[in-house]
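Working through the structure, step by step
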There are 2 protein chains.
Amino acid sequence: MKLHRLAFCLSLMGAYIAVAATTEPIQPIVAVRVEKPNLVELGKKLFFDPRLSKSGVISCNSCHNLSMGGSDNLTSSVGHLWKEGPINSPTVLNSSLSLAQFWDGRAKDLQAQAGGPIDNPGEMASTHRLAVEVLQSIPGYVAEFNAVFCEDRITIDEVTLAIAAFEKTLSTPNSRFDQWLMGNKKAISTEELAGYALFKSSACVACHDGPAAGGKSYQKMGLVTPYVTSNTAQGRVGVTHDEADRFKFKVPTLRNVELTYPYFHDGAAATLKDAVNTMGRIQLGKTFSDTESGQILAFLKTLTGEQPSFKLPLLPPSSDNTPRPQPFARK
Amino acid sequence: MKLHRLAFCLSLMGAYIAVAATTEPIQPIVAVRVEKPNLVELGKKLFFDPRLSKSGVISCNSCHNLSMGGSDNLTSSVGHLWKEGPINSPTVLNSSLSLAQFWDGRAKDLQAQAGGPIDNPGEMASTHRLAVEVLQSIPGYVAEFNAVFCEDRITIDEVTLAIAAFEKTLSTPNSRFDQWLMGNKKAISTEELAGYALFKSSACVACHDGPAAGGKSYQKMGLVTPYVTSNTAQGRVGVTHDEADRFKFKVPTLRNVELTYPYFHDGAAATLKDAVNTMGRIQLGKTFSDTESGQILAFLKTLTGEQPSFKLPLLPPSSDNTPRPQPFARK
């Protein structure tokens, strides 16, 4: 009876699937079971829909491309009117495991994040009002929102809730490292294991721990040696207004790090080797030998998990009443 | 024995599936069977890969979005550095049925077309040499090209051949109109059938015929009444240098026309109703009543077929040697 109740309670949670106990500082990624498939399907369409931008060109997937590790692989992103973004776009993969969203954590969760780029003049450059007006004019969306939310009027909160629900499904379980954590000792090589040992003994795991191997704290960029960059982002201080938080950024996840180049909030590290060596120097005061950084690189590449796999969504067509995209309007 | 040989021969062709004989001017779309799945899979990745552009932002799918009827639903497309394209991007769906590619037919086939945008400074703004250099630096692509073409060196001809092979699979069979053509008389309504009758009796079918309901000839835009536009495209004359071809454009397919707004080479018709009424006026010298244009609209919407359905491709990651995208380089 108690077991039945436990099973019932677990079924209400977002994450489950029995995970072998492990005392390692990095924990396996737990596959997410989709609780509300209609909500997730709606969110998937919205994630791919460029009509949420003023231009009709930029979708969530433009900067968080699910063909490319949930990132755009650019130093900084291209926004409305080709404006250069101020910071590197982080991967959307496993982002629900982060303590908050954006590099400075200014959005408390994925839903709060999803509304940001839509009305940012340098990104999608729409407004929440226009985005909702566009969706409300598309019969296919009206029917889907109605089926999911049981309301005739679409709201921006429903839009961002659906996008967040889709994003929560974007986990990448079953990496070779996770297979090793779960007990398959043949899943990683001797070199990769040596890299993991070095990753731990060098204290990388002090920040890059947990299921996401990161995402759980804010840390100063340049803890031991100042980090020199032309990027003007000041980090967490913009949210807390506490000088102690100047130049603190959310520790990025290392899951799928092989796919999410270039690295750091300024995208200045073009290669993973650059990133490892710079981290060693500025955060840990260490200079890794080529052998050492090679081992750490080998380990990091075992963190590439199964990528989200789904059919390209088909978007419902605009109606005659849909406000038309304005890619070349300059005001 | 003969039947066996016939079946064998048919299996070597690109298109088959028994099609009921019909004397109608519009013929059913024939589903394409994939002959070389590895080539098509490679082409699909390339079609979605923004690394074929200088910026790392623009892929084939940017302007021929397979979530949106194979078009971008813009009057004209957004190119490198947000440059405004000179002409409306036609749908890639069923494009293999066209007599040639581009509005002026300057590319003889899909392979010839595929190379155009890659090195067009106003579109993807790369060069064929750089595009190949990028692909050659990506181990995942090298392995795939090698498996498909049995050669170590990637060539631009292989790139465009693969993209074209994928594009050839982008047919949209089994529309309601095709079901009707194939004998299911309940597949379309009385109003839709009246629209088709009017479409024929008004001579729309003179140009919009065959399986694609278009794509088989060049016609002057403004045959009866001059077409007024601020767009400077001159059409087929640019290819033939024959004054008689000035302002002649390839007749677009009407397949999936419900999804491929806005219409005409200049994208000036925002709605399908605008397009139908303008076509009546400038090509046929007719003014359709609201009832008539409503019937034609209803018929045209029966031409929406089954959209290509496939998993979002996962792209192989760049290597440390891959030339990095240059979205903000101004030269």
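Residues numbered from 1 in each chain as written. Chains lettered and ligands numbered in written order. Predicted model: local features only at pLDDT ≥ 70, side-chain atom pairs only at ≥ 80, totals over all residues.

What follows concerns the overall build of chain A. Helix and strand content of chain A: 12 helices and 2 strands. Beginning at the N terminus, the succession of helices and strands in chain A can be written as α-α-α-α-α-α-α-α-α-β-α-β-α-α. Here the C-alpha atoms of chain A give a radius of gyration of 21 Å, agreeing with the 20 Å that 2.2 N^0.38 yields for 331 residues. Expressed as lengths along the three principal axes of its C-alpha atoms, the size of chain A is roughly 65 × 60 × 35 Å. Looking at the 331 residues of chain A, the share that counts as buried comes to 47%. Once local pairs closer than 6 in sequence are excluded, the contacts in chain A between residues at least 24 apart make up 69%. (Helix = DSSP H or I, 4+ residues; strand = E, 2+ residues; numbered from the N terminus. Rg over C-alpha atoms; globule rule 2.2 N^0.38 Å. Buried ≥ 20, exposed ≤ 12 C-beta atoms within 10 Å, placed from the backbone. Contact = placed C-beta atoms within 7 Å.)

Once that is clear, we can look at the relation of the copies chain A and chain B. The two copies are related by a screw operation: chain A maps onto chain B through 180° of rotation and 0.0 Å of translation along the axis, at an RMSD of 0.0 Å. Both chain copies can therefore be described as sitting about a two-fold axis. For chain A, the minimum C-alpha distance to the rotation axis belongs to K311(A) and amounts to 2.0 Å. Both copies share a contact surface, since 100% of the interface residues of chain A are interface residues in chain B too. (Least-squares fit on C-alpha atoms with pLDDT ≥ 70 in both.)

What follows concerns the environment of G305(A). Residue and element names in this part refer to chain A. With respect to the element layout, G305 can be found in the segment after α12 (290-300). Its 23 C-beta neighbours within 10 Å are what place G305 among the buried residues. With residues near it in sequence (within four places) discarded, G305 still touches I29, T172, P173, N174, S175, D178, R255 and N256.

Turning our eyes to something else, we now look at the environment of G122(A). Residues and elements named next belong to chain A. Tracing the backbone shows G122 in the loop between α4 (110-118) and α5 (128-136). Residues G122 and S77, 45 residues apart in the sequence, show an inter-C-alpha distance of 9.8 Å. In contact with G122, not counting residues within four places along its chain, are G79, H80, K83 and G85.

Further remarks concern the interface of chain A and chain B. Each partner contributes to the interface: chain A provides 34 residues, whereas chain B provides 34 residues. Here the side of chain A that touches chain B is composed, by residue class, of 20 nonpolar, 8 polar and 6 charged. (Nonpolar A, V, L, I, M, F, W, Y, C, P; charged D, E, K, R; others polar.)

All names here are of chain A. In this model helix α11 (residues 272-284) runs 17 Å from its N-terminal to its C-terminal C-alpha over 13 residues, within 8% of the 18 Å that 1.5 Å per residue would give. Within the sequence span of α11, burial applies to L272, A275, V276, M279, G280 and Q283. Taken down its axis, α11 places every buried residue within 135° of arc, on the same side. Lining the buried residues of α11 we find α12. Taken from the residues just after α11, G285 is the one with a positive phi, measuring 65°. (Expected span 1.5 Å × (residues − 1). Arc of directions from axis to C-beta.)

Cis geometry is adopted by the peptide bond preceding P262(A), which originates at Y261(A) and carries an omega value of -10°. Checked against the element boundaries, P262(A) lands in the loop between β2 (248-250) and α11. Residues other than glycine seldom take positive phi values, yet N174(A) does so here, at roughly 65°. Mapped onto the elements, N174(A) comes out in the loop between α7 (156-168) and α8 (176-181). The class for N174(A) is partly exposed, based on 15 C-beta atoms found within 10 Å. In this model, A203(B) sits at a positive phi of 75°, which is unusual for a non-glycine residue. By secondary structure assignment, the location of A203(B) is in the loop between α9 (190-201) and β1 (218-220).

Turning our eyes to something else, we now look at helix α11 (residues 272-284) of chain B. Residues of α11(B) that are buried: L272(B), A275(B), V276(B), M279(B) and Q283(B). Each element contacted by the buried residues of α11(B) is listed here: α12 (290-300) of chain B.

A pair of packed helices is captured by two measures, namely the crossing angle of their axes and the spacing between those axes. Residue and element names in this part refer to chain B. Where α9 contacts α12, the two axes come as close as 7 Å, and the packing angle between them is 105°. Our classification of the angle between α9 and α12 gives roughly perpendicular. Between α9 and α12, the contacting residues are E191, E192, A194, G195, Y196, L198 and F199 on the first element and E292, Q295, I296, A298 and F299 on the second. Taken together, the residues of the contact of α9 with α12 sort by class into 7 nonpolar, 2 polar and 3 charged. (Axes fitted to C-alpha atoms, helices over the stretch in contact; angles between N-to-C directions. Parallel < 35°, antiparallel > 145°, perpendicular 65-115°, else oblique.)

Next up on the list: the confidence of the model for chain A. Residues and elements named next belong to chain A. Within chain A, residue pLDDT values average 93, and 93% of them lie at 70 or more. Taken together, the stretch residues 1-18 has pLDDT below 50 and engages in 8 contacts with residues farther than four places along the chain or on a different chain. Across the interface, the model reports ipTM at 0.93; the global pTM reads 0.93. (pLDDT = per-residue confidence, 0-100.)

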